[in-house]
Amino acid sequence: MERKRLLELLRGVASGDVSPEEAHERVARLPYLDLGAARLDLDRELRTGLPEVVFAQGKSDEELVRIVEAMVTDSGRVLVTRVEAAAAEVLSAAIPDGRFEPRARIWSAGRFGPPSGRRVAVLSAGTSDFPVAEEAASCSEWLGHEVERIRDVGVAGIQRALDSIDSLRRAHVAIVVAGMDGALPTVVAGLVPCPVVAVPTSVGYGASFEGIGPLLTMLTACAPGVAVVNIDNGFGAAALAHRILSRSIASP
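In this report, we go over the structure that sits alongside the text. (Residues numbered from 1 in each chain as written. Predicted model: local features only at pLDDT ≥ 70, side-chain atom pairs only at ≥ 80, totals over all residues. Heavy atoms only, no water.)

1. Comments concerning the overall build of the protein
To be explicit about the condition: Where helices and strands are cited, they refer to DSSP runs of H or I of at least four residues and of E of at least two residues respectively, numbered from the N terminus. Burial classes follow relative accessibility: with a 1.4 Å probe on protein chains only, a residue under 20% of its type's maximum area counts as buried, one over 50% as exposed, and anything between as partly exposed. We call two residues in contact whenever any of their non-hydrogen atoms come within 4.5 Å of each other. Under the counting rule used here, the positive set is Lys and Arg, the negative set is Asp and Glu, and His together with the chain ends is not counted. Note that the charge is assigned to NZ on lysines, CZ on arginines, CG on aspartates and CD on glutamates.
Check the secondary structure of the protein and you find 11 helices and 11 strands. Overall, the C-alpha framework of the protein stretches about 65 × 45 × 30 Å when taken along its three principal axes. The 252 residues of the protein split such that 47% are buried. Pairs at least 24 residues apart make up 65% of the contacts formed inside the protein by residues separated by at least 6 positions. In the protein, which carries 26 positive and 32 negative side-chain charges, the distance between the mean positions of the two groups comes to 5 Å.

2. A word on the pattern of salt bridges
Quick reminder of the rule: By salt bridge we mean one thing: a side-chain nitrogen of Lys or Arg within 4 Å of a carboxyl oxygen of Asp or Glu.
With the rule as written, the count across this model stands at seven salt bridges. Here R77 and E45 are joined by a salt bridge, their closest N and O atoms 2.9 Å apart. Residue R77 is found in the loop between helix 4 (61–75) and strand 4 (78–81), and its partner E45 is found in helix 3 (residues 44–48); the two are separated by 32 residues along the sequence. With relative accessibility at 17%, the residue E45 sits in the buried group.

3. Some thoughts on the sheet that holds strand 5 (residues 99–101)
Condition: Two strands make a pair as long as DSSP finds a minimum of two bridges between them. Every axis in this analysis is a line fitted to C-alpha atoms, fitted for helices over the stretch in contact. Angles between the N-to-C directions lie between 0 and 180 degrees.
Here four strands make up an open sheet; going across it, the order is 3-4-6-5 and the pairing mixed. In the strand order of this sheet, the two ends are held by strand 3 (54–55) and strand 5, each with one partner. The pairing of strand 5 with strand 6 (residues 106–109) spans three bridges and is classified as antiparallel. Considered in strand 6, the bridge of E101 is made with I106. Sitting on the sheet, helix 4 is in contact with strand 3, strand 4 and strand 6, with an inclination near 155° to strand 4.

4. Regarding helix 6 (residues 130–142)
Since the α-helix advances by 3.6 residues per turn, residues separated by three or four positions end up pointing in the same direction. Quick reminder of the rule: An expected span of 1.5 Å times one less than the residue number is assigned to each helix.
Across its 13 residues, helix 6 extends 18 Å between first and last C-alpha, which sits within 8% of the 18 Å expected from 1.5 Å per residue. Among the residues making up helix 6, those that are buried are F130, V132, A133, E134, E135, A136, A137, S138, C139, S140 and W142. One or two steps after helix 6, the chain reaches G144, where phi turns positive at roughly 105°.

5. Some details on the nonpolar core
Short version of the rule: Among buried residues, the Ala, Val, Leu, Ile, Met, Phe, Trp, Tyr and Cys ones that are joined through side-chain atoms within 4.5 Å form a nonpolar core.
In terms of nonpolar packing, the biggest core is built from 22 residues, with L40, V78, V80, V83 and W107 touching the most fellow members. Counting residues per element, the ones that place at least two in this core are helix 4, strand 4, helix 5 (85–94) and strand 6. Here the element with the most residues in this core is helix 4; it accounts for six residues. With 21 residues, the next largest nonpolar core counts A121, A174, V188 and A223 among its residues.

6. Overview of the side chain of S108
Checked against the element boundaries, S108 lands in strand 6. Among the residues examined, S108 registers a relative accessible area of 3% and is labelled buried. Sequence-distant contacts of S108, defined by excluding residues within four places in its chain, comprise V78, L79, G98, R99 and W142.

7. Focus: the pairing of strand 8 (residues 146–150)
Test applied: A crossover gets the label right-handed when its path from the first strand over the helix to the second runs clockwise, viewed with the strands pointing away from the viewer.
Across five bridges, the pairing between strand 7 (residues 119–124) and strand 8 is parallel. Looking at the pairing, V122 lines up with R149 of strand 8. After leaving strand 7, the chain enters helix 6 and then returns to the sheet as strand 8, a path that is right-handed.

8. Notes on the packing of helix 4 against helix 5
Spelled out, the test is: If an angle is under 35 degrees, it is roughly parallel; if it is over 145, roughly antiparallel; if it lies from 65 to 115, roughly perpendicular; otherwise it is oblique. By convention the crossing between two helices is left-handed if the near helix lies anticlockwise of the far one by an angle smaller than a right angle, and right-handed if it lies clockwise.
Where helix 4 contacts helix 5, the two axes come as close as 10 Å, and the packing angle between them is 45°. With respect to helix 5, the axis of helix 4 lies oblique. The chirality of how helix 4 crosses helix 5 is right-handed. For the pair helix 4 and helix 5, contact is made by D61, L64, V65, V68 and E69 and by A87, V90, L91 and A94, respectively.

9. Some words on unusual backbone geometry
We note that R82 has phi near 55°; this positive angle belongs to a residue other than glycine. Following the sequence through the fold, R82 ends up in the loop between strand 4 and helix 5. On the basis of relative accessibility, which here comes to 18%, the residue R82 falls in the buried class. Phi is positive for D152, close to 55°, though the residue is something other than glycine. Inspection of the secondary structure puts D152 in the loop between strand 8 and helix 7 (159–162).

So this is what it looks like as structure tokens:
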């Protein structure tokens, strides 16, 4: 239950429009809803500002549908990551209002909230990094932020990134996705004033060690203001950007 709905419920009790018994029934599922195979953390948004997001990988179709239906029933919205096409078809058959974004492997229903008025620039160093970048972009859009996608601007042709510098400087947060040598986040952080969230990808030849090479490069970035998330973790980058932006919105 998000903060807005809880406040509306409490106001309803105070005004007499909602009985205490009805209010109790609505919040009885807190702090979680036990579905057997999963325990849904329905009040996570109240604690952290972010709702629980469903990670589809490893779940059966039946488990996935039960979880998603329960979350849509509770709040009218849900975000599901790492969804393969076959699972997306099952979800869309159960919940026709859902949307599937195959490159991002994101399935969603509803939206997190109204537009935030904040801009996230999502850069991918190479075309091969695009699926992870698209996960970050799609999740950021679902969370209510304006997203500008800047694709194929790796350091092997640095002029491509420099051509986008005006767009980058308008961003409130930059999410920079790179495999291979992973150098792009350091370059971006040396050019723009906003926080940079770096995402290493598993793209690259053997010495990149399936993403460990770019991860270490990003962790040792000489430009300050770079935060690094896990390998291929586009959702984690979007979540971190959202927390940064939410605090800036809340600040006077």
